[in-house]
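So you can see what is in the structure, the chains are spelled out below.
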Amino acid sequence: MKGIFPTERFKGMETPFYYYDTQILRTTLDSINREAGKHEGYCVHYAVKANANPKVLNIICQAGLGADCVSGGEIEAAVKAGFPANKIVYAGVGKSDWEINLGLEKDIFCFNVESIPELEVINQLAAAKGKIARVAFRINPDVGAHTHANITTGLAENKFGIAMGDMESSIEKAASMKNVKFVGLHFHIGSQILDMGDFRTLCNRINDLQIQLERHHIKVENINVGGGLGIDYQHPNRVPVPDFKAYFDTYARHLKLRPGQTLHFELGRAVVAQMGTLITRTLYVKKGAVKQFAIVDAGMTDLIRPALYQAYHKIENISSDEPKETYDVVGPICESSDVFVKAMDLNAIHRGDLLAIRSAGAYGEIMASQYNCRKLPKGYITEEL
Ligand SMILES: *Cc1c(COP(=O)(O)O)cnc(C)c1O
């Protein structure tokens, strides 16, 4: 039953730590390349913010994906891992001067610009270096996604992107500047999206915008539809690889690309979530008046998603085959929200048992903090154990 984990090897290790199953990662990357490869001009970038562990980045880079960065630090991490600069795109509402300069020096593929003041700064900094920056405009398509309110990004009320009504004047503005070149449109509507209808709605919106731009004889070299494909947090064993076929086919069916246009994707969670597990040791089992708690050595400092988004992560006791009992699994941090799950049935837990908190490869290790003066968790790939 303990199938996929080298539990014996885990026993002597300091906990908590992240375990990255590279077989799952490679299978996932193969599926992405196979399904995207069926369509002409599709380019997949990995959203580095989901997991920037250097060993993980390295494997993704070797599979041939590009990188989607949202900070200068991520550009540095991507370059260090070996991603070629001409496959790096850079988005973010608040790019600082040093970050823009870094992108210019590395000669990245494209800046995804989110405001006119930002466009002006990029033009100035590029002029100072005698360069021409390729820019795409991130358009806010006012498309809602059926996901958690904190992770929708494409609604008019969100802080991201340029309003659709300002799209043409922005492009005209860029055309009047000497040190930027307008190359594309960028969108990203949110995260953990499982309803293909949301992506279809985005396609329809982009089709309308393309028609509008053609009326003004504006040429668009590339379209970037962002990321957002969700994963099955309930069934990491049954569905370890997301349905990339359905995802890319949705775009192929509904998005009308013009001849020569390339279509770019920025997938984060779907690439890395299922390969990652947070391994934690049980410190105490405490029986309260109405429930029992398994108190573990990992906390919201190691994996913040349950506390931040009420996210569900499947948990398994990988040290026990005993009959199931019901537990709240909680961390040691001095916050009431430091709870991984409530009322979950798990094989009877004893002090010292190792628990596997599943589907934690995305937005896990990278969001760890040192609150309570704790150590940051380490991350290990299969080959290191
Ligand atoms: C976060 C983000 C992504 C990746 O989102 P996932 O849901 O992890 O696929 C892609 N593009 C941009 C601009 C982002 O901010």
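Data block above holds the structure.
Residues numbered from 1 in each chain as written. Predicted model: local features only at pLDDT ≥ 70, side-chain atom pairs only at ≥ 80, totals over all residues. Heavy atoms only, no water.

Asks: Provide a residue-level description of unusual backbone geometry, including the pertinent values.
Replies: In this model, Thr15 is joined to Pro16 through a cis peptide bond whose omega is -5°. In this fold, Pro16 is placed in the loop between α1 (7-10) and β1 (17-20). Phi at Ser359 takes a positive value of approximately 55°, unusual for a residue other than glycine. Judged by its relative accessible area of 1%, Ser359 is buried. For Tyr363, which is not a glycine, the phi torsion comes out positive at approximately 55°. Assignment of secondary structure puts Tyr363 in the loop between β16 (354-357) and β17 (378-381). (Helix = DSSP H or I, 4+ residues; strand = E, 2+ residues; numbered from the N terminus. Buried < 20%, exposed > 50% of the residue type's maximum accessible area, 1.4 Å probe, protein only.)

Asks: Which residues make up the pattern of salt bridges, and what values do they have?
Replies: A complete count under the given rule lists 17 salt bridges for this structure. Between Glu214 and Arg258 there is a salt bridge; the shortest N-O distance is 2.4 Å. Here Glu214, found in helix α8 (residues 196-215), pairs with Arg258, found in the loop between α9 (244-254) and β10 (262-267); they are 44 residues apart in sequence, far enough to count as distant. Take Glu214: its relative accessible area is 37%, and that puts it in the partly exposed class. The shortest N-O distance in the salt bridge between Arg374 and Asp302 comes to 2.8 Å. Here Arg374 is found in the loop between β16 and β17, whereas its partner Asp302 is found in the loop between β12 (292-296) and α11 (305-309), with 72 residues between them in sequence. Bridged by salt links that share partners, the residues Arg34, Glu35 and Lys38 form one connected network. (Salt bridge = Lys/Arg side-chain N within 4 Å of Asp/Glu carboxyl O.)

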